[in-house]
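Spelled out from the first residue to the last, the chains are:
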Amino acid sequence: MRLVVTIVLALILSWLGGSAAATLIADWARGDESFILAFMAIPLAGLGAAVLFLVASTRPVPARAINRVAFVTFALLVLLFAALSVFELFVNGTLASAWRGVQLYVGIFGSSAVVVLVQWLVFRWRSRPAPVPMLFGRGPGATV
């Protein structure tokens, strides 16, 4: 039950946060109808991140695994943003003509980063620490 509540809470809050970020970025960029792609990416990023964080939360030390998943996911988002921005610049030839596409990528990856950040916070908050085994002097280093 705890895991289901965590997943539902993470999805709802991350979709709200990602939508707010996409709205702010679209307003900053004076976005047109192409910015609907940023809003379409939010559920995809949310479901993908939820699956990764769900797997990480089942590890023996969930906090460490959740932190690693968040770091790797952010790194992949940054690399993908950089690669697509460079490709956009290569295709258009000048920064002035490529700027509109780069703004769209900022919207997509900015909202996706907010989704991952919110889910990381929720999963980290709801993760349980590993139970400490009670050995009562019967451990490997215990004296008899």
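Caption draft 1: Broad picture of the overall build of the protein. A tally of regular secondary structure across the protein gives 4 helices and 0 strands. Taken from the N to the C terminus, the helices and strands of the protein come in the order α-α-α-α. Per-residue burial over the protein gives 35% buried out of 144 residues. Of the roughly 9,300 Å² of accessible surface on the protein, 75% is carried by carbon and sulfur atoms.

Caption draft 2: Summary view of the nonpolar core. Ranked by internal contacts, the top residues of the largest apolar core, which has 15 residues, are Phe 53, Ala 56, Ile 66, Val 116 and Phe 123. At the level of secondary structure, the elements contributing two or more residues to this core comprise α2 (36–57), α3 (62–92) and α4 (95–126). No other element matches α4, which puts 6 residues into this core. With residues up to four places along the chain from it excluded, the contact list for Phe 123 reads Thr 6, Ile 7, Ala 10, Ala 50, Phe 53, Leu 54, Ser 57 and Ile 66. Core analysis: the next-biggest nonpolar cluster, separate from the first, contains 12 residues, Phe 35, Ala 41, Ile 42 and Ile 108 among them.

Reading the values: the criteria
Residues numbered from 1 in each chain as written. Predicted model: local features only at pLDDT ≥ 70, side-chain atom pairs only at ≥ 80, totals over all residues. Heavy atoms only, no water. Helix = DSSP H or I, 4+ residues; strand = E, 2+ residues; numbered from the N terminus. Buried < 20%, exposed > 50% of the residue type's maximum accessible area, 1.4 Å probe, protein only. Areas by Shrake-Rupley, 256 points an atom, 1.4 Å probe, with all protein chains shown as cover. Core = buried A, V, L, I, M, F, W, Y, C linked by side-chain atoms within 4.5 Å. Contact = heavy atoms within 4.5 Å.

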